[in-house]
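Okay, here's what each chain looks like letter by letter:
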Amino acid sequence: MHVGREKVVLAVKGRPHVTILVANLPAERDRRVIRECLSLEANGFDVTVIAPRGDRNLRILPGSRNTRLKPYPLIVTGSGVLSFAAEFVWSFLCITIRLFGELFRGRAHGVQVCNPPDIYFPLAVIWRALGRPWVFDHHDLCPEIYAARAGGSANRWVFRTLVLLEWLTLRTATAVFATNESFRENALQRGVRPEKLTVVRNGPAAHEIARGDSPADETAAEDVHTIAYVGVFGPQDNVEVAVLAAEELARRRSRRDWRMVLAGDGESMDALTKLAAERGLHDLVEFAGWLDGPSVDALLRTATVAIQPDLPTRMNDLSTMAKTVEYLGRGVPVVAVDLIETRRTAGEAARYLPTGSPAEFAEAIDELLDDAAQRDRMRGTGLDRFATMLAWEHQARQYVSVWRRLLARRLPEPATTPSPVEGRRASVVIAAHNEADVIGRCLDTLLADARDGEFDVTVVANGCTDGTARVAGGRPGVRVVELDVASKPAALNAGDGVAVGFPRVYLDADVVVTTESLRLLADAVGPSTDEPTGRPLAAVPRRALDLTRRPLPVRAYYAVHRHLPALRNGLFGRGAIALSAAGRDRFESFPDVLADDLFLDSLFEPAEKREVAGATSVVATPRHVDDLVRRLTRVRAGNAAMRAAAAHDTASEGVRDADRRSWLRDVVLPRPWLAPAAVCYVLITLTAAARARRADPGTWERDQSSREVPKPRIGGIDELVRTGDTHGSERR
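Please read all numbers here as calculations on a predicted model, not as lab measurements.

About the cut-offs
Residues numbered from 1 in each chain as written. Predicted model: local features only at pLDDT ≥ 70, side-chain atom pairs only at ≥ 80, totals over all residues. Heavy atoms only, no water. Helix = DSSP H or I, 4+ residues; strand = E, 2+ residues; numbered from the N terminus. Pairing = 2+ DSSP bridges. Axes fitted to C-alpha atoms, helices over the stretch in contact; angles between N-to-C directions. Buried < 20%, exposed > 50% of the residue type's maximum accessible area, 1.4 Å probe, protein only. Lys, Arg positive; Asp, Glu negative; His and termini not counted. Salt bridge = Lys/Arg side-chain N within 4 Å of Asp/Glu carboxyl O. Polar contact = N/O pair within 3.5 Å; in protein donor to acceptor, adjacent residues only side chain to side chain. Phe/Tyr/Trp six-rings, centres within 6.5 Å; stacked < 30°, edge-to-face > 60°. Contact = heavy atoms within 4.5 Å.

**Student:** Can you walk me through the environment of D510 in this structure?
**Tutor:** You can see D510 is positioned in the loop between strand 18 (504-508) and strand 19 (511-513). In this structure the C-alpha to C-alpha distance between D510 and V619, which are 109 residues apart in sequence, comes to 7.4 Å.

See below:
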């Protein structure tokens, strides 16, 4: 959270102006938008927010210096298809009028639109024709929200229309903010180029959270516990389960030592209050209403346990709940359904439930209220994840950097220059064999926002017969080492021999990692051999799969593969691994095996390695089924050789065993909608396994298609990728 080094002092005259459009919430109630406005103000931008009218007395965004509010009356609200359509048309007209008013006043140099809904792409076309950037801040997956709210009665034509609107909104934007890595993958599937995408997660800033020990410690000591929920009360939020869990908990323990506080508002409020009254829970369940930031902080600092009742639906499995980050920021243990994005966010700071029934919630809460030691462990984990990965300060750097780039011509010259770099941030080693087509893209993205001398980068061109060394050597500050032999282990060892300093990042030439992601990886493992408590020895970014225009069997394979637990907990599959100095001391040199990432994974216990939120590597997938089989054949053969070496004590003994049933047990059975994709997964896997058994150990099964860099082109409606394996959303 060292944002100070990134800031520059700007003169007020000629400040660039950003207009933010919000259609579903008054500006003063949208905490993400508030944080974005404050971050822009702090970095020299003027801001106007056009949103539905909330407090009629507000003209300036609360807490801001001078962010203008241009509200419009919301006279139509939706509860069905037609009423939703009427609401969207009204919002579109109001926003259009006010936006052009900003344009005529000399503002709106850049526009950011927040969804839902996804209907503002016609304005994007106009703004881009004027030479001004249009940015899409992707808050919600509207098609999946509709399907979740409709239960099992979703109209397929309405769903397809929403998918089309989302596609148009993504494709017409100059840049896209994805609220987590899974949203980034969804955008890639819609045909958005990786360089247009930036992950900016949701969550409170560190300064929004009061410091000091949590008052919950004293409350628990007095045998009065608070069970908290903070969020929206909508059908998809399933808050009624919290009320029913309170009823079940009242049967398990005294009604005098706990209370449940539900803070929020929404269309389910009346039904929830009625349910609590009918069940006789007026003395146990308190409805606090919609709380501002300080009030949320005060509530959660007195909470013993927080509840996240979202059911394991497809929509929720694809979503990251913003309330989870609010809980972790205060060190509140979380009880939640076992959802992909919830687990990625909370890690061991949450207790996960298989189905999310009231009985399961009551049992888990009852156990936690009686187990102070477990709560302390979860509290420490949550606070660490917030401080190192999730706080808004980490997101603000990426958010502001995009606007600086898009409006660079309108930014005044800095009144002061950025602070000089205090030593190198990290040393990067890239082993490259005939990677001339992609090494330039890799290096340009990696160093796009780097300061002089910030990173020590070495490219080892091993056995190359193309222009890899020439392309890499044309990038300023990049060291190139050439080897005659085509050997990745030899290249990694050669790169280690000339690399300067730590952390050490091993990067594949065909993946895309941004400068900010590289910084986050370096920060995660630390700069020295003195490892602070809790800091990992090895770290990897989240993986974003580029499935743009891939054939259905390839997309089906990855629909299953991306959910495998081994890919959540291991160091492999990302194309980027960061080691601290102490982590690098675990081995002398890379062994002569193909599976270098499996080798590194075997060196560390689970607590010693971490996936870094906010850091992302974009991994290109094969463009053809044959290329996918070739890639899997190489992986299978390399992993088999690694395990054989471990069995004969020639490599690490801690190599992860192959789990041949995980795809069924851990992926398809909990997600039965993936059963059709599983057929492709099994057939492709078995084919690769058979080829790996027959493969010549000296043969390199290379997938060249994923290294092709396609020329950007504007696609038609026929290029719309059907919704299948999307994930992730940042729900308010």
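Once you've had a look at it, read on.
**Student:** I tried to follow the sheet that holds strand 14 (residues 350-353) on my own but got confused; where do I start?
**Tutor:** Think of a sheet as strands paired side by side through backbone hydrogen bonds, with each pair either parallel or antiparallel. The six strands are arranged 10-9-8-11-13-14 in an open sheet whose pairing can be described as parallel. In the strand order of this sheet, the two ends are held by strand 10 (285-289) and strand 14, each with one partner. Averaged over all adjacent pairs, the angle separating strand axes in this sheet is 25°, with direction ignored. When strand 8 (residues 225-232) meets strand 9 (residues 258-265), the two strands line up parallel, connected through eight bridges.

**Student:** Is there a simple way to explain the side chain of R375 in this structure?
**Tutor:** Relative to the elements of secondary structure, R375 occurs in helix 15 (residues 372-390). Although R375 is buried, it makes no salt bridge; D376 carries the closest opposite charge, 6.1 Å away. Reaching out from R375, the side chain makes a polar contact with the backbone oxygen of L369 at a distance of 3.0 Å.

**Student:** Quick question: what am I supposed to make of the pattern of salt bridges here?
**Tutor:** A side chain of one charge can pair with a side chain of the opposite charge if their charged atoms are brought near each other. For the structure shown, the criterion picks out 39 salt bridges. Two residues, R32 and D137, come together in a salt bridge whose shortest N-O distance is 2.9 Å. Taken together, the residues span a long stretch of sequence, with R32 in helix 1 (residues 31-42) and D137 in strand 5 (residues 134-138) at a distance of 105 residues. Residue R32 shares its accessibility class with D137, and that shared class is buried.

**Student:** Sorry if this is basic, but what is going on with the packing of aromatic side chains here?
**Tutor:** Any pair of aromatic rings gets described here by the distance separating the centres and the angle formed by the planes. With the rule as written, the count across this model stands at 15 aromatic pairs. With 5.1 Å between their ring centres and 90° between their planes, Y557 and Y558 make a pair best called edge-to-face. Here Y557 and Y558 have matching classes, each one buried. Taken together, a centroid distance of 5.0 Å and an interplanar angle of 65° make the contact between F587 and F590 edge-to-face. Exposure remark for F587: the relative accessible area of 8% places this residue in the buried category. Each residue in the set F100, F104, W127 and W134 is aromatic and connected to the rest through ring pairs, giving one cluster.

**Student:** Looking at this structure, how should I read the sheet that holds strand 1 (residues 17-21)?
**Tutor:** The sheet built from seven strands is open, its strands ordered 3-2-1-4-5-6-7 with parallel pairing. Either end of the sheet is taken by a strand with one partner, and the two such strands are strand 3 (68-69) and strand 7 (197-199). Taken together, the five bridges between strand 1 and strand 2 (residues 46-50) define a ladder with parallel strand orientation. Paired with I20 across the two strands is V49, which belongs to strand 2.

**Student:** Mind showing me how you'd approach the environment of H17 here?
**Tutor:** Here H17 shows up in strand 1. Separated by 89 residues in the primary sequence, H17 and G106 have C-alpha atoms spaced 8.9 Å apart. Setting aside residues no more than four positions away along its own chain, H17 makes contact with D46, V47, T48, R68, E102, R107, A108, H109, G110 and L407.

Nothing here speaks to function; it is all geometry.
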